[in-house]
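Breakdown of the fold
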Amino acid sequence: MQIYTKILLGMAVGTVVGLTLGPNSSLLEADVYSLRDGGAAEVRLDPAQPATALPLPKGMALKVDILEPPDPGPLQANQPAEAWAKVNLVLNERMLLANKGRVAELVEKARPGTVVAAWLQIRYLPLEGGGHQATPVPISGLGDQVIAFVHPIGEVFMRGIKMVIVPLVFASLLVGIASLGDIRKLGRLGGRTLALYMITTAVAVTIGLLVAHIIQPGEFIDAADKARLTAQFAGDVGDKAAKAAAAPSTIENLLNIIPENPLQALTNGDMLQIIFFAVVFGIALTMLGEGEGKIVVTFFDKVQHAMIMVIHMVMAVAPYGVAALVAEVVGQSGASVLGALLVYGLTVVVGLFLHATLVYGGLVRVLAKVPLMGFLKAIRPAQLIAFSTSSSSAALPVSMECAEDNLGVSNSVSSFVLPLGSTVNMDGTALYQGVAALFIAQVFDIQLTLGDQLSIVGAATMASVGAAGVPGAGMVTLAMVLTASGIPQVGLALILGMDRLLDMFRTAVNVTGDLSVTTVMAVAEGETIDPLSSAEDAKDPNRGFEGRLDREPEPIEPDQG
Ligand code: ASP
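One numbering rule holds for all chains: residues counted from 1, following each sequence as written. For this predicted model, a pLDDT threshold of at least 70 governs which residues receive local features, and a threshold of 80 or more governs which side-chain atom pairs are given and counted, while totals over whole chains, interfaces and linings are taken from all residues. Hydrogens and water are ignored here; the side-chain numbers use all heavy atoms of the structure.

So, about the overall build of the protein. Under the DSSP-based scheme used, a helix requires at least four consecutive residues in state H or I and a strand at least two consecutive residues in state E, with every element numbered from the N terminus. Scanning the protein for helices and strands turns up 20 helices and six strands. Classification of residues uses two cut-offs on accessible area relative to the type maximum, computed with a 1.4 Å probe and protein chains only: under 20% is buried, over 50% is exposed, and between them is partly exposed. Across the 561 residues of the protein, 51% fall into the buried class. For the protein, the proportion of contacts with a sequence separation of at least 24, taken over those separated by at least 6, is 79%. Note on contacts: a residue pair qualifies if any of its non-hydrogen atoms lie within 4.5 Å across the two residues.

Structural data, given as structure tokens:
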């Protein structure tokens, strides 16, 4: 079975596991409550006696079985209410450590794992459009355990792939720049790449705004959903807004490209600093000339080859890792959020699809004259990894492999254009920000002038340059985009529940954009792009994704002398 098929199967399995066994699955929504923030709940051994309150450390997740459901009596519209649920509470280590004396005073033989019957206060918050929201939210404790079980599997894959990023990018960029040999050529490539990246991003936001104007997703959300989503996710908004406010200014961002300490840049994985240093280092080597520079270039060339072998090893576990990552995201998003935000989510996906087909299709087919099907097939591994990890950075090693092996782009173009794109070019993210901003404005009945919308285009284009290629980065920079256009940041709460799922789609588009621009750049540099066919891939163990691990390892003795 081909690697793509295995990864696709992994995704399908992950989706089914997430939907059926995840924390928000309605199948498992049994009599188990889980509190994400234990500090927000009042737990007493006797509901009538405040003195029996069990101290909960702040932020502690708490799992309980409901023995007797809460009975709030008749609920009054717009009035909050409270009720007590009888629960089986398992004392855990953190709880005991945080306040051992007090718990031991209340509970005989208090030790981790002891189960006590306690009472848990449930609050009923009135919703704007009528009805109440009960917190803690009933979700499945078993679902959380399923996620906790699959999480390490996804993490093994994520860490494996991230492990390759820094050495691969540094080594291959250094070799790529050294082999260019001509600084003017680099300047031309850099200028054109940045220009095309910016243009595609601005077009992406505009498409996002247009589809949101046509579909009007904000009209499909009713007052109850609005209140529920705002109540559920309001707590997380402050965090995103604070991160956005703490973001450095444009000048600082530009200065930051020059590393004070290149080794620190490498350890921190700061992509723009790494690119800068590798470019300067590579140019310096070409100035030393073949005689002195060759040994360094050859060394890093071999490092690069070895890192490519590591990618292939990691790709061998990709189907399992992908299944775990997808199960986690789908499981945590849950079907209820999906239902409420379905039209909004679809608007984003329609926009992304239009952008990918019109803009990338145009670039690849018309500008680069490369057959679309061959191109899509060649970049599929990178798209699948981007989709399942929601990180353009994590997908970078695979994107470079796809560009060089599957498309035939030269190392000097791919090693420069792709790492740059993974941080600077995020069309999917920018498009999504356009839709999200308009959606929030529609829900809150805010009229946006043409000027406001132009500032969304400008801010989202700049924000996509500043956003890191990691999961959820676009949500943080969305806070900045909203501020730029005067849309209240609390609107973020509306879309947070859906964010992680949409992140998968937009990251796949981000990576497709990077690879499309790389293809155009390679053609502009006079290269011939020849997508690898499946038959060639299967036959040649030195190109493509099949059969790369079939080599026999050989011992290597260092030269003596
Ligand atoms: N996850 C995206 C990426 O890595 C960024 C974002 O939109 O959050 O490309």
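Looking now at the layout of surface pockets. Grid points spaced at 1 Å over the protein atoms alone were grouped into cavities, where a 1.4 Å probe fits but cannot get out, and pockets, open sets with protein on both sides within 12 Å along at least five of seven lines, with lining residues defined by an atom within 4 Å of a point. Grid points are joined across faces, edges and corners, and a volume is the space filled by probe spheres set on the points. Put simply, the second largest pocket is a space of about 1,400 Å³. Around the second largest pocket, the lining comprises 43 residues; the ones closest to its centre are Asn253, Leu272, Thr423, Val465 and Gly466. Those elements that place two or more of their residues in the lining of the second largest pocket are α4 (141-180), α5 (183-215), α7 (250-255), α9 (271-288), α15 (411-424), α17 (450-466) and α18 (473-484). Across the lining of the second largest pocket, the residue classes tally to 29 nonpolar, eleven polar and three charged. The residue classification treats Ala, Val, Leu, Ile, Met, Phe, Trp, Tyr, Cys and Pro as nonpolar and Asp, Glu, Lys and Arg as charged. All others, Gly included, are polar.

What follows deals with a nonpolar patch on the surface. Every patch collects residues that have over 30% relative accessible area and no salt bridge, joining them within 9 Å if they carry like charges and within 5 Å if they are nonpolar side chains (Val, Leu, Ile, Met, Phe, Trp, Tyr). Using the Shrake-Rupley algorithm and a 1.4 Å probe, accessible areas are obtained, with residue cover drawn only from the displayed protein chains. Salt-bridge detection follows one rule: a side-chain nitrogen of Lys or Arg within 4 Å of a carboxyl oxygen of Asp or Glu. Taken together, the side chains of Phe149, Ile153, Val317 and Tyr320 define a hydrophobic patch exposed on the protein surface, amounting to about 430 Å² of accessible area. Within the fold, phenylalanine 149 resides in helix α4.

Ranked by internal contacts, the top residues of the largest apolar core, which has 125 residues, are Tyr344, Ile385, Val398, Phe416, Phe439, Leu478 and Ile495. If one sorts the elements of this core by residue count, helix α19 (residues 492-524) sits on top with 16 residues. Aside from chain neighbours lying at most four places away, what touches isoleucine 385 is Ile7, Phe157, Ile161, Met315, Ala318, Ser390, Ala394, Ala395 and Val398. Only buried Ala, Val, Leu, Ile, Met, Phe, Trp, Tyr and Cys residues count toward a nonpolar core, and they belong to the same one when joined by side-chain atoms within 4.5 Å.

This part is about the site of the ligand. The criterion for a residue being near a molecule or strand is simple. One of its heavy atoms has to lie within 4 Å of it. Not every one of the 14 residues close to the ligand is listed here, only the nearest: Ser392, Thr429, Gly474, Asp503 and Arg506. Contact between the ligand and serine 390: a nitrogen atom at 2.9 Å from a main-chain N or O atom of the residue. What qualifies as a polar contact is a pair of N or O atoms within 3.5 Å, subject to a donor-acceptor requirement within protein and to the restriction that residues adjacent in sequence count only when both atoms come from side chains. Contacts to the ligand include asparagine 510, whose side-chain N or O atom sits 2.8 Å from an oxygen atom. Counting only elements with at least two residues in the shell around the ligand, the list comes to α18 and α19.

Between the first and last residue of a helix there are one fewer steps than residues, each counted as 1.5 Å, and that sum is the expected span. Here helix α14 (residues 392-407) is 16 residues long, yet its end C-alpha atoms lie only 19 Å apart, well below the 22 Å a rise of 1.5 Å per residue gives. The sharpest bend along α14 comes to roughly 35 degrees, located at valine 398. Judged by how many residues are buried, α14 sits mostly within the fold: 16 of 16 residues are covered. Note on bend: at a given residue it equals the angle between the axes fitted to the 7 residues ending there and to the 7 starting there.

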